[in-house]
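Summary of the model geometry
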Amino acid sequence: MPDGAVPVLDVRDLKTVFRTRGGEVHAVNSVSFDIRPGELLGVVGESGSGKSVTMMSLIGLLPSPPAEVRGGRVLFAGTDLLRCPPEHLRSVRGHDIGFIFQDPMTSLNPVFTVGFQIMEPLRRHKGMTRAAARERARELLEMVGIPDAGRRLRDYPHQFSGGMRQRVMIAIALACDPKVLIADEPTTALDVTIQAQILELVRDLRQKLGMAIVWITHDLGVIAGIADRVIVMYGGQIVEQAPVRALFGNPQHPYTRALLKTIPHVPGARREKLSVIQGQPPILRAAPDSCAFRARCAHAFDRCARENPVRIDLGGGHDVACFWDPATGGPRHG
Amino acid sequence: MAEAAAARRKLVEVQGLKMYFPITAGLLRRKVGDVKAVDDVSFELYEGETLGLVGESGCGKSTAGRAIIRLYDPTAGRVRIDGHDIGSAPQSELRRFRPLMQMVFQDPQASLNPRMTVAAIIGEPLGEHTELRGDALLRRVYELMDAVGLNRSFANRYPHEFSGGQRQRIGIARALALNPKFIVCDEPIAALDVSIQAQVVNLLEELQDRLGLTYLFISHDLSMVRHIADRVAVMYLGRIAEIGPRDGLYERPLHPYTEALLSAVPEPDPNVESRRRRIILKGDVPSPANPPPGCNFSTRCPKVMDICRRIEPVVAEVEPGRRVACHLYDKTIETAGGTAAATEARAPNKETRT
């Protein structure tokens, strides 16, 4: 991947809070990351770790209230998306930053044809004529591997299978040649054979179009196959960031290590118990002042209860937010 | 493992099971066809083992699981469980056999009554099928809650107060209440988070060891099935493609569909992933209302031959304990020499036929 290139998206200290009747929930706590052109950034963590909320906040897709972005910067092409006028944000969304949602069944409008839904962003953002937009829509459907694309434009979403619908979603997201594509668990609802088709398609498109992709998933197998770099989230914070081989080969955070252990490896023998992470992710009523993983961590010690670890740079693009050092089995120094 | 299994008793025998759902049309709801959800499926489960039943969505694996314990009335076929003829028993008699066979459902949210407390949910089958009442019943409920790792103090809470993993534990406790021998687990972990999946699978294994249960474990998660199952059956479009002991099937799949399915499972290791040769299947699964002629996988099979489009392959034993429905392993083609296409298609599998 292009090293040293200027990040296409740069997120600093993002904080998002939900105000509910039961009080505040701090869903995103000082999240910072960036992504370079042509790079695929994997985002992993359990449900409720703040993966989706982080991505939704940065392009203003969360309903407010109850959500409130409390701070931070999201730099895209020289503009802070958190402080720009709503019209500008709307033109960025769908045009420069594409989004694929988890469930292809509910994110397509059932009463419009697939062709209409692909043409909409083209006519709106690119000002294309009807005929030009139709031609481009046909091309897009062909590109994502839908046979007989010209005729399928007139079909409604219910006439497509799950895998085909997800391809339509990808076609819509790609319609305006976005510089960044955010994919939120795009293959979780699909069968493995269809998932393999979609992953192959994404690898192929990335090479052809050179866009940056953020891929949210809880499937570490998928991440191992497609990501360049991975961030691991827990309690609305990034607890570890590393190039994909370093993350799998030398995981540093106890949470990452536990996550990697819970998946059964295909060569794993029976009667060898699967390891588990006891307990559940916390619901943070206030900004964390201690390590959020403490209660479930086998290595926690007194310092973890006193302060919230910050991310320590380990070199080689690897950083971790933890006081414990797996190399020595004791507290981390420095 | 195959030798040991042969010596064991067959607890469940399924023969020629068919489950068709009629398609009706028009004002008079005339029947115009059938959705062949399960089409001539045969397999057996030995006492104390776990048979994994895998396949893509819509392949009929859940329907097969439900038809076996008569949550559906099968169109044809025989099902014997623990010596009783379950497949053809009239509804009135079926009730007697219910304690023998139980089910754990996929969605613990939808399969637990939101208006009943945990104690009432777990106690309901006891009230229906046993003489236990009052304190004795409550004692058994507590016992079951202990067995699945639920705190006794939760007995008077309602399902919505629990997390997904805990709800699945309630579902498992209910299934265990009547001391069943056979449990159909229909995607019991599909709705759960990764770290919780491991907890539920560990619990199922622990209970199996302790109580000698036999599981039919239906799942689309091939790595979890490899962990939990002793033998695995692969279904495609209502039929069995391949069935055999776990290790052989995963290490050296015989059916081209099994091969493609296993190659599509992502491995959590970037080094393995970059070296992997993946078989990408083209297209989607055909409609079970109108399956293709001949072999039902012929439309997507990378090794398809002429004969596959004309003649339906039968499930035949090609190695001890391993059965597969594929013309690649047909003895008759081999002796006849086959066509050029057949020889070419067979070439990569040479080692399996010598």
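One can find the structure itself at the top, above this paragraph.
Figured I'd write up the structure that's included with this text. Each chain carries its own residue numbering, running from 1 in the direction its sequence is written. Both sets of labels track the order of writing: A upward for chains, 1 upward for ligands. Given that this is a predicted model, residues contribute local features only at a pLDDT of at least 70 and side-chain atom pairs are listed and counted only at 80 or more, while totals for whole chains, interfaces and linings are drawn from all residues. Only hydrogens and water are removed before side-chain values are computed, so all heavy atoms of the structure are retained for them.

1. A few points about the nonpolar core
In terms of nonpolar packing, the biggest core is built from 73 residues, with I172(B) and L207(B) touching the most fellow members. Helix and strand labels come from DSSP, where a helix needs a run of H or I of at least four residues and a strand needs a run of E of at least two; each type is numbered from the N terminus. When residues of this core are assigned to their parent elements, the largest contribution, seven residues, is made by helix α7 (residues 194–211) of chain B. Note on contacts: a residue pair qualifies if any of its non-hydrogen atoms lie within 4.5 Å across the two residues. When near neighbours in sequence (up to four residues on either side) are disregarded, L207(B) contacts A147(B), V148(B), I172(B), L176(B), G212(B), L213(B) and Y215(B). Among the nonpolar cores identified, the runner-up in size contains 65 residues, and A133(A), A137(A), V144(A) and A175(A) belong to it. Throughout, nonpolar core names a set of buried Ala, Val, Leu, Ile, Met, Phe, Trp, Tyr and Cys residues whose side chains join them through atoms within 4.5 Å. Only protein chains enter the area calculation, which uses a 1.4 Å probe; residues under 20% of their type maximum are buried, those over 50% are exposed, and those in between are partly exposed.

2. Observations concerning unusual backbone geometry
The linkage connecting S64(A) with the following residue, P65(A), adopts the cis geometry, with an omega of -10 degrees. Structurally, P65(A) can be placed in the loop between α1 (51–58) and β4 (67–76). The residue after P65(A), namely P66(A), is reached through a cis peptide bond having omega 5 degrees. Mapped onto the elements of the fold, P66(A) is located in the loop between α1 and β4. One non-glycine residue, D13(A), lies in the positive phi region at around 55 degrees. Position of D13(A) relative to the elements: it lies in strand β1 (residues 9–20). Given a relative accessible area of 41%, D13(A) falls into the partly exposed group. One non-glycine residue, N179(B), lies in positive phi territory at about 50 degrees.

3. As for empty space enclosed by the protein
A pocket, in this scheme, is an open set of points on a 1 Å grid over the protein atoms alone with protein on both sides within 12 Å along at least 5 of 7 lines, while a cavity is a set where a 1.4 Å probe fits but cannot get out; residues line either one if an atom lies within 4 Å of a point. Grid points are joined across faces, edges and corners, and a volume is the space filled by probe spheres set on the points. Summed over all chains, the structure comprises five cavities of 30 Å³ or more. Volume-wise, the largest cavity comes out at about 80 Å³. In terms of lining, the largest cavity is formed by 14 residues, of which the most central are C291(A), C297(A), C304(A), C322(A) and F323(A). Here the second largest cavity is characterised by a volume of approximately 70 Å³. Every residue along the wall of the second largest cavity is listed here: H255(B), P256(B), C295(B), F297(B), C301(B), K303(B), M305(B), C308(B), C326(B), H327(B) and L328(B).

4. Some remarks on the sheet that holds β4(A)
Residue and element names in this part refer to chain A. Strands qualify as paired when DSSP identifies two bridges or more between them. Strand order in the open sheet formed by four strands is β2-β1-β4-β5, and the pairing between neighbours is antiparallel. If you trace the sheet from one side to the other, it starts and ends with β2 (23–35) and β5 (79–80), each paired once. As paired elements, β1 and β2 share nine bridges and run antiparallel to each other. Bridge pairing in β2 links V11 to F33. Every angle, taken between N-to-C directions, lies between 0 and 180 degrees, and every axis is a line fitted to C-alpha atoms, over only the stretch in contact when it is a helix. Docked against the sheet, α1 engages β1, β2 and β4, running at close to 75 degrees with respect to β2.

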